[in-house]
Amino acid sequence: MLADKPLYLSIIIYSVEKKEVSLKEMIATVEKDKKKIEETISTLENYKLEALEKTYTKVNKDFAEIFGDLLAGNTCKLQPPEGKTISDGLEVKVCLGGVWKQSLTELSGGQRSLIALSLILSLLQFKPAPMYILDEVDAALDLSHTQNIGSLLRTRFKGSQFLVVSLKDGMFNNANVLFKTRFKDGTSVVEVRKKKIVI
């Protein structure tokens, strides 16, 4: 029995050493995989930040231009909160009559509508789609602003079609085709009222 004890201990030691080698190989593989994952995360993070910066730059430029087209002589911008970056979020800043407003609550309902529409249109312009549907986006606006929206849609979105629901003449004047809906004998009737060929 005593002679078997050293052999038994040798087998156990050999087995433990073999497991140790196997575990060290596994640790090396895990560390190698961890490094690859961290490199991939870093690459994706850089890609995300570049895409975010590119989007922010384009949308911010278009946002200011569109707002200036809708409300001549005024401007706006998107900017990160003080001490933060664009990945932390953005705030809308508006300059009316040369004065930067502290808050959007200082704006009238119509001005806020124009800001919201300008932001939406600047986002749409970043990756234009072939067709958009807008439902009474001019409801809170006077006729001159409605006219500006119609003109802006015509000039800035030449490759897109807009289906616009509106009750105001300013939008009608910029339509290629105008459909009028009304009730006749208890049913809705749609009529083509205006057709304009655009070359």
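Parameters and conventions
Residues numbered from 1 in each chain as written. Predicted model: local features only at pLDDT ≥ 70, side-chain atom pairs only at ≥ 80, totals over all residues. Heavy atoms only, no water. Pairing = 2+ DSSP bridges. Helix = DSSP H or I, 4+ residues; strand = E, 2+ residues; numbered from the N terminus. Salt bridge = Lys/Arg side-chain N within 4 Å of Asp/Glu carboxyl O. Buried < 20%, exposed > 50% of the residue type's maximum accessible area, 1.4 Å probe, protein only. Core = buried A, V, L, I, M, F, W, Y, C linked by side-chain atoms within 4.5 Å. Contact = heavy atoms within 4.5 Å. Right-handed = clockwise from strand over helix to strand, strands pointing away. Axes fitted to C-alpha atoms, helices over the stretch in contact; angles between N-to-C directions. Parallel < 35°, antiparallel > 145°, perpendicular 65-115°, else oblique. Nonpolar A, V, L, I, M, F, W, Y, C, P; charged D, E, K, R; others polar. Phe/Tyr/Trp six-rings, centres within 6.5 Å; stacked < 30°, edge-to-face > 60°. Lys NZ or Arg CZ within 6 Å of the ring centre and 35° of its normal.

Thoughts on the sheet that holds strand β3 (residues 99-100)
In spatial order, the strands read β1-β2-β3; together these 3 strands make up an open sheet with antiparallel pairing. Of all strands in the sheet, those bounded by a partner on one side alone are β1 (75-79) and β3. Bridge analysis of β1 against strand β2 (residues 91-96) gives 5 bridges, and the strand direction is antiparallel. Opposite Thr-75, over in β2, you have Cys-95 as the bridge partner.

Considerations on the pattern of salt bridges
Pairing is possible between side chains that carry opposite charge, provided their charged atoms lie close to one another. Taken as a whole and assessed by the stated rule, the structure comprises 9 salt bridges. Across the pair Glu-45 and Lys-48 runs a salt bridge whose closest N-O atoms are separated by 3.3 Å. With Glu-45 and Lys-48 both in helix α1 (residues 4-70) and 3 residues apart, the pair spans about one turn of that helix. Where Glu-91 meets Lys-93, a salt bridge forms, and the shortest distance between an N and an O atom there is 3.5 Å. Judged by relative accessible area, which is 32%, Glu-91 ranks as partly exposed.

Comments concerning the nonpolar core
General note: in soluble globular proteins, nonpolar side chains tend to be found buried as a group. Ranked by internal contacts, the top residues of the largest apolar core, which has 25 residues, are Phe-67, Leu-70, Val-94, Ile-115, Leu-121 and Ile-149. Where this core is concerned, the elements lending two or more residues are α1, β1, β2, α2 (109-126), β4 (131-135) and α3 (143-156). In this view, Ile-115 contacts Phe-63, Phe-67, Cys-76, Val-92, Val-94 and Leu-107; residues no more than four positions away in its chain are not counted.

Observations concerning the pairing of β4
Here β4 shows a clear split, with Tyr-132 and Leu-134 buried on one side and none of Met-131, Ile-133 and Asp-135 buried on the other. Taken together, the 5 bridges between β4 and strand β5 (residues 161-165) define a ladder with parallel strand orientation. Following the sheet pairing, Asp-135 is matched in β5 by Val-165. Handedness of the crossover joining β4 and β5 through α3 is recorded here as right-handed.

Here we look at the packing of α2 against α3
Closest axis-to-axis distance for the α2/α3 pair is 13 Å, and the angle between their directions is 5 degrees. Relative to α3, the element α2 is oriented roughly parallel. Between α2 and α3, the residues in contact are Leu-114, Leu-117, Leu-121 and Gln-125 and His-145, Ile-149, Leu-152, Leu-153 and Arg-156, respectively. In terms of residue class, the contact of α2 with α3 is made up of 6 nonpolar, 2 polar and 1 charged.

Regarding the packing of aromatic side chains
Within the structure shown, the criterion is met by 3 aromatic pairs. Plain terms: the ring middles of Tyr-132 and Phe-157 are 5.9 Å apart, the flat faces sit at 75 degrees to each other, and that makes the pair edge-to-face. Pair noted here: Tyr-132 is in strand β4 and Phe-157 is in the loop between α3 and β5, with a separation of 25 residues, a long-range link. The pair Tyr-132 / Phe-157 is uniform in exposure class, with both members buried. Three or more aromatic residues link up through ring pairs in this structure, and these residues are Tyr-132, Phe-157 and Phe-162. Between the NZ or CZ atom of Lys-77 and the centre of the ring of Trp-100, over which it lies, the distance is 4.7 Å.

Observations concerning the environment of Thr-55
Among the structural elements, Thr-55 can be located in helix α1. The class for Thr-55 is partly exposed, based on a relative accessible area of 27%. Sequence separation of Thr-55 and Lys-127 is 72 residues, and the distance between their C-alpha atoms is 9.8 Å.

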